[in-house]
Amino acid sequence: MQSYSLVNKNATIEAQKLFQYLTECYSKHLMLSGQQEYPQRRTTEWEMNYVLEKTGKLPAIRGLDFMHADFRGVINRAIDWHMRGGIVTICWHTGVNGGAYEDCKGENPDFDKLLTYGTPENELMLKNWDMGAESLKILQSEHVPVIWRPFHEFDGQWFWWGKCGAEPFISLWKMMYDRYTNYHGLNNLIWVLGYSGEVKPGWYPGDEYCDIVGSDTYDGTTNKFGWDRLLKVCDKPLCYHEIGNLPHYDDFPRDNTNWLWFMNWHTRYLSDNNSEILSEIYNNPSVITLDKLPKELYN
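A quick note: this is a predicted structure, and the numbers were derived from the prediction, not measured.

### Let's talk about the pairing of strand β1 (residues 31-36)
1) Next: For β1, a buried count of 6 out of 6 residues is recorded, marking the element as mostly surrounded by other parts of the structure.
2) Next: Alternating positions in β1 separate into two faces, M31, S33 and Q35 on one and L32, G34 and Q36 on the other, with burial throughout.
3) Next: In this sheet, strand β9 (residues 287-288) lies alongside β1 in parallel orientation, the contact comprising 2 bridges. Looking at the pairing, M31 lines up with V287 of β9.
4) Next: Sheet analysis places β1 next to strand β8 (residues 261-264), joined by 4 bridges and oriented parallel. Its bridge partner lying in β8, Q35 is registered against N264.

Shown next as structure tokens:
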């Protein structure tokens, strides 16, 4: 069994235990189920209830989003999911200085100013980051490890953090890693670098800045293209960090795409799934659902 370790040598015991469990699943070709929530349009539990109704199961991983500055809501739901024995992952659709989905697709920012400490642009950006960090500190104090997935789909270049190319993005990623790890002392984070389905070359910040690497696509496939490209990027556990329509489970081993987890996207991306395929995947013996997670995972 290949051995992996967290890049943060000061990682909390809960983060270490979660990462160890994840890498064990990866080595055994077990896939964790994940479901992203979107509470702004429906209720906070709509996606989870839908999965339960269609499959009789709940996902092992709950996906949350700091979007709309929903810090308190995300914190509360993360703690609740953790107390139920589940795994928490958080992403963040945010503008340079805050905001929501439309803000993160804004104009090309001035990266020279953003990446220069002390400029007004840099200070405003860090102020926004710090709000997220304070919320993550609450989770750390509650012993909740977080699979942290910032700046996703960066190489797709439709969000501000990727619009100016690879080098500025890499500097931005390293700046957040340093800010959160060394300045804020956030040791409960497992860092996920989430490429788009293209997995463009030249965007990798380095082995010392991420723990898990992923790709996503919404084309209803196993994302073999992204998998094969990621294998050339790094030697890290690989995840399918966003997916729309799920394929049949047997398609994954057929394509040799042994993703650590899949994260089904929310609202219509979930309900557009074939219910039989959804139930088939959630009830496959090689797929980990909430009820299959070890009770002693964090103990």
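### Topic: the pattern of salt bridges
1) Next: Within the structure shown, the criterion is met by 14 salt bridges.
2) Next: Its salt-bridge partner being R62, residue E45 comes within 3.0 Å of it at the nearest N-O pair. Of this pair, E45 sits in the loop between β1 and α2 (46-55) while R62 sits in strand β2 (residues 61-65), and the two are 17 residues apart along the sequence.
3) Next: Since its relative accessible area comes to 0%, R62 is described here as buried.
4) Next: Between D130 and R179 there is a salt bridge, with the nearest N and O atoms lying 2.8 Å from each other. Of this pair, D130 sits in helix α6 (residues 120-141) while R179 is found in helix α7 (residues 166-183), placing the two residues 49 residues apart along the sequence.
5) Next: Here D130 falls in the buried class, since its relative accessible area comes to 18%.

### Some words on the packing of α6 against α7
1) Next: Orientation of α6 relative to α7, taken along the N-to-C sense of each, is 50°, at an axis distance of 11 Å. As the angle between them shows, α6 and α7 are arranged oblique. Like other packed secondary-structure pairs, α6 and α7 cross with a definite hand, here right-handed. Across the interface between the two elements, N122, M125, L126, W129, D130, G132, A133 and L136 of α6 pack against L172, M175, M176, R179 and Y180 of α7.
2) Next: In the contact of α6 with α7, the residues fall into 9 nonpolar, 2 polar and 2 charged.

Scoring rules and cut-offs
- Residues numbered from 1 in each chain as written.
- Predicted model: local features only at pLDDT ≥ 70, side-chain atom pairs only at ≥ 80, totals over all residues.
- Heavy atoms only, no water.
- Buried < 20%, exposed > 50% of the residue type's maximum accessible area, 1.4 Å probe, protein only.
- Helix = DSSP H or I, 4+ residues; strand = E, 2+ residues; numbered from the N terminus.
- Pairing = 2+ DSSP bridges.
- Salt bridge = Lys/Arg side-chain N within 4 Å of Asp/Glu carboxyl O.
- Axes fitted to C-alpha atoms, helices over the stretch in contact; angles between N-to-C directions.
- Parallel < 35°, antiparallel > 145°, perpendicular 65-115°, else oblique.
- Left-handed = near helix turned anticlockwise from the far one by under 90°.
- Contact = heavy atoms within 4.5 Å.
- Nonpolar A, V, L, I, M, F, W, Y, C, P; charged D, E, K, R; others polar.

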